[in-house]
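These are the residues of each chain, in order.
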Amino acid sequence: MRCFKYKEDRWPVFLFMLMFALDLTVFFYASELWMLVGWMLLGIAPKTCICSFGHHHQHLNTFYQPFLNRLIEIPYGFLTGLTSHAWFLHHVVGHHMNFLDQSKDESRWMRKSGRTMGEIEYSTEVTVTAYPRAASVGKRYPEQMRTFVLMGLLQLALLGLMFSYNWLNALFVFLIPMVISVYMTAWHTWFHHAGLDTQDVNEASFNCVNKMYNVVTGNLGYHTAHHERGGLHWSLLPAYHDTIKDKIPARLIRTTFFTRRRDHKAA
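Residues numbered from 1 in each chain as written. Predicted model: local features only at pLDDT ≥ 70, side-chain atom pairs only at ≥ 80, totals over all residues. Heavy atoms only, no water.

Enquirer: What am I meant to see in helix α3 (residues 66-80) here?
Expert: Note: α-helices contain 3.6 residues per turn, so residues at a spacing of three or four share the same orientation. The end-to-end C-alpha separation of α3 is 21 Å, in line with the 21 Å expected for 15 residues at 1.5 Å each. If you check which residues of α3 are buried, you get N69, I72, E73, I74, P75, Y76, G77, F78, L79 and T80. At its buried positions, α3 is contacted by α1 (10-29), α2 (33-59), α6 (142-165) and α7 (167-193). Note on α3: the residue one or two positions beyond its end, G81, has a positive phi of about 85°. (Helix = DSSP H or I, 4+ residues; strand = E, 2+ residues; numbered from the N terminus. Expected span 1.5 Å × (residues − 1). Buried < 20%, exposed > 50% of the residue type's maximum accessible area, 1.4 Å probe, protein only. Contact = heavy atoms within 4.5 Å.)

Below, the structure is given as structure tokens:
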């Protein structure tokens, strides 16, 4: 019986489950505060990268079997702070449908005044509103909303069990990193669209063709391609980007993603 839809997902899933196993090991065996803080700090960057793949998973589920898809979303929730169908509602049928309209975009970067939010303002707002906005979108998708709620309750119950077992370890291994991961993911997405007010999908995203960036984010740097073909598997995005890159303004294709900080300032 085939499990993976794409063989390219095998190594990422193995590495992410290894990360979750290490989280559990620290949770059960760490006995000093410095161990907990050290592991929390070490995990911030990889968990933010894992969030990219959790995002890919909710655009196109990793497994053929629905049970396996729901099962993997539990460790994804603990690693990234984004539970089952949170990405789907907020992002797939939210942001992807509305990113050209800043009055509706669930990840909107524009203030009501029409000015562009700064990185911290945007990241904070998206973090705080992530779940309420996902729930709001869910009103239009009752079946997915049901899964979102039930899986969210399961995630909370498991987290509650961890707190009842060892509240300090649960705080530093799971809860605080979950919140940080959502914030870091929101901060990261500011670089994809902020300041690009347009109705042309080819001019609405910054792209990064840096190889290492795309290795750790699952080719999320090919962002225009991702918005044109949201259901396309992440491994196929570079090839699709090559077919549309001539339509993308050169200023929106970068080799070093975070140099955008110098090129764009909030108004």
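Enquirer: Would you take a moment to explain the pattern of salt bridges for this structure?
Expert: Any two side chains of opposite charge can pair, on the condition that their charged atoms come close. If you walk through the whole model with that rule in mind, you get six salt bridges. D23 is the salt-bridge partner of K47, the closest N and O atoms lying 2.9 Å from each other. A residue pair is termed long-range when its members are at least 10 positions apart, and K47 in helix α2 and D23 in helix α1 qualify at 24 residues. Take K47: its relative accessible area is 3%, and that puts it in the buried class. (Salt bridge = Lys/Arg side-chain N within 4 Å of Asp/Glu carboxyl O.)

Enquirer: Just checking my understanding: could you explain the packing of aromatic side chains for this structure?
Expert: The way to describe two aromatic rings as a pair is by their centre distance and the angle between their planes. Per the stated rule, a full pass over the model turns up 14 aromatic pairs. Both rings, one in F27 and one in F28, keep their centres 4.9 Å apart while their planes meet at 70°; by these two values the pair is edge-to-face. Ring geometry for W190 versus F191: centroids 5.2 Å apart, planes at 85°, classification edge-to-face. Taking relative accessible area as the criterion, W190 reaches 2% and is therefore assigned buried. Judged by relative accessible area, which is 0%, F191 ranks as buried. The structure contains a cluster of three or more aromatic residues connected by ring pairs, namely F20, F27, F28, F78, Y165 and F174. If you follow R229 out to its NZ or CZ, it ends over the ring of Y240, 5.2 Å from the centre. (Phe/Tyr/Trp six-rings, centres within 6.5 Å; stacked < 30°, edge-to-face > 60°. Lys NZ or Arg CZ within 6 Å of the ring centre and 35° of its normal.)

Enquirer: What is the right way to look at the side chain of E119 in this model?
Expert: Note that E119 resides in helix α5 (residues 119-138). A polar contact of 2.8 Å, which involves the side chain of E119, links it to the side chain of W187. (Polar contact = N/O pair within 3.5 Å; in protein donor to acceptor, adjacent residues only side chain to side chain.)

Enquirer: Before we go on, may I ask you to explain unusual backbone geometry in this structure?
Expert: For residues other than glycine, phi is negative in most cases, and the peptide bonds are mostly trans. With phi around 70°, H85 is a residue other than glycine that occupies positive phi space. Looking at the element boundaries, H85 is found in the loop between α3 and α4 (86-98). Owing to a relative accessible area of 11%, H85 belongs among the buried residues under this scheme. Phi is positive for N219, which is not a glycine, with a value near 65°.

Enquirer: What's the story with the environment of L171 in this structure? I'm lost.
Expert: Residue placement: L171 occurs in helix α7. Remark: the alpha-carbon pair of L171 and G77, spanning 94 residues in sequence, is separated by 15 Å. With sequence-adjacent residues up to four places away left out, L171 is seen in contact with F163, I176 and P177.

Enquirer: Please clarify how α2 should be interpreted in this entry.
Expert: Taking 1.5 Å per residue as the helical rise, α2 with its 27 residues ought to reach 39 Å, and the 38 Å between its terminal C-alpha atoms agrees with that figure. At I44, α2 shows its strongest bend, of approximately 45°, with the proline P46 following within four residues. (Bend = angle between axes of the 7 residues up to and from the residue.)

Enquirer: What's the story with the packing of α6 against α7 in this structure? I'm lost.
Expert: Axis angle and axis distance: for two packed helices, these are the angle between their axes and the distance between the axes, and together they describe the pair. As a packed pair, α6 and α7 sit with axes 6 Å apart at the nearest point and diverge in direction by 140°. Judged by the inter-axis angle, α6 sits oblique to α7. The interaxial crossing formed by α6 with α7 has right-handed handedness. On α7, the residues touching L159, M162, F163 and Y165 of α6 are W167, A170, L171, F174 and L175. (Axes fitted to C-alpha atoms, helices over the stretch in contact; angles between N-to-C directions. Parallel < 35°, antiparallel > 145°, perpendicular 65-115°, else oblique. Left-handed = near helix turned anticlockwise from the far one by under 90°.)

Enquirer: Would you take a moment to explain the environment of L220 for this structure?
Expert: Structurally, the position occupied by L220 is in the loop between α8 (211-217) and α9 (223-228). Considered as a pair, L220 and V209 are eleven residues apart in the sequence and their alpha carbons are 9.3 Å apart. Sequence-distant contacts of L220, that is, excluding residues within four places in its chain, are made with S52, H55, H56, H188, H192, Y213, N214 and H226.

Enquirer: Teacher, can you tell me more about the nonpolar core here?
Expert: Looking at soluble globular proteins, one finds that nonpolar side chains tend to be buried together. In terms of nonpolar packing, the biggest core is built from 27 residues, with F78 and F174 touching the most fellow members. Contributions of two or more residues to this core are made by α1, α2, α3, α6 and α7. (Core = buried A, V, L, I, M, F, W, Y, C linked by side-chain atoms within 4.5 Å.)

Enquirer: Could you clarify how one ought to interpret the packing of α5 against α7 in this entry?
Expert: Put simply, α5 and α7 touch, their axes get as near as 8 Å, and they point 130° apart. Classified by the interaxial angle, the pair formed by α5 and α7 is oblique. Between α5 and α7 the crossing geometry is right-handed. Mapping the contact onto sequence places E119, I120, Y122, S123, T124, V126 and T127 in α5 and V182, Y183, A186, W187, T189, W190 and F191 in α7.

Honestly, it's all geometry; don't read function into it.
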